[in-house]
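Fold and geometry: a report
Read off the chains here:
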Amino acid sequence: MGLLENLHDLGWRVIALNLLRRKRVQERTSDCVLYRGQLHLLGALIQSPGCTQNDIASRLCVTPASVAQSVKRLQCAGLIERRVDETNLRRNKLYATPAGIAAAARYRDCFDEVDRETFANFSDDELQSLRRYLDRMIDNVRCDDFDICNFPGCLPARKETRT
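Residues numbered from 1 in each chain as written. Predicted model: local features only at pLDDT ≥ 70, side-chain atom pairs only at ≥ 80, totals over all residues. Heavy atoms only, no water.

1. Considering the packing of aromatic side chains
If you walk through the whole model with that rule in mind, you get two aromatic pairs. With centroids separated by 6.5 Å and ring planes inclined at 35 degrees, the aromatic side chains of Tyr-107 and Phe-111 adopt a geometry described as tilted. One end of the pair is Tyr-107 and the other is Phe-111, both in helix H5 (residues 98-118) and four residues apart, which spans about a single turn. By relative accessible area, which is 4% here, Tyr-107 ends up buried. Judged by its relative accessible area of 16%, Phe-111 is buried. Ring geometry for Phe-119 against Phe-122: centres 6.1 Å apart, planes inclined by 75 degrees, an arrangement best described as edge-to-face. Over the aromatic face of Tyr-95 sits the side chain of Arg-83, whose NZ or CZ is 3.8 Å from the ring centroid. (Phe/Tyr/Trp six-rings, centres within 6.5 Å; stacked < 30°, edge-to-face > 60°. Helix = DSSP H or I, 4+ residues; strand = E, 2+ residues; numbered from the N terminus. Buried < 20%, exposed > 50% of the residue type's maximum accessible area, 1.4 Å probe, protein only. Lys NZ or Arg CZ within 6 Å of the ring centre and 35° of its normal.)

2. Notes on the pairing of strand S2 (residues 88-96)
With six bridges joining them, strand S1 (residues 80-85) and S2 adopt antiparallel strand pairing. When the sheet's bridge partners are listed, Arg-82 is paired in S2 with Leu-94. Connecting S1 to the antiparallel partner S2 that follows it, the hairpin turn spans two residues. (Pairing = 2+ DSSP bridges.)

3. Focus on the nonpolar core
Membership of the largest hydrophobic core comes to 24 residues, with the highest contact counts inside it found for Leu-34, Leu-41, Leu-45, Ile-56 and Tyr-107. Counting only elements with at least two residues in this core, the list comes to helix H2 (38-47), helix H3 (53-60), helix H4 (64-76), S2 and H5. (Core = buried A, V, L, I, M, F, W, Y, C linked by side-chain atoms within 4.5 Å.)

Encoded structure:
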């Protein structure tokens with residue numbers, strides 16, 4: 001296999017893995033009120049309560065119009081709420097509701113389960129090597145106008161609790 005075919009095969013495998021993982025999550029959350037695209041918005045609000053729609057649009061690299069539509073749907077579903085900014089009455093701040101936080105936690109549980117399935121039978125050393133390879137790939141295609149560190153994961157990681 002030549003270099004180009006090898007690269008094409010590796011690229012296809014990354015895409016296939018993403019599609020398979022997405023399908024697993026969709027199967028397990030088919031009865032949930034969230035659309036897949038709304039997870040990033042809800043996750044961003046959980047990570048940074050009180051954001052404005054423009055803050056979210058900038059952070060997610062989408063248009064303010066698409067954020068406005070998602071906000072309207074999430075608000076109608078009772079997953080987020082708008083509160084008037086006390087320092088600027090023309091601006092609304094967005095917050096996840098308890099129902100939104102619960103929906104996000106359900107998705108987090110599904111993602112955790114799919115992560116465990118995806119990385120089953122990998123040693124710690126193999127996982128560390130994979131992380132280094134993926135970091136190097138991310139660095140190779142990093143864009144100046146998109147800060148991947150500022151882009152929220154689908155959902156914030158669950159905080160560890162001590163018992």
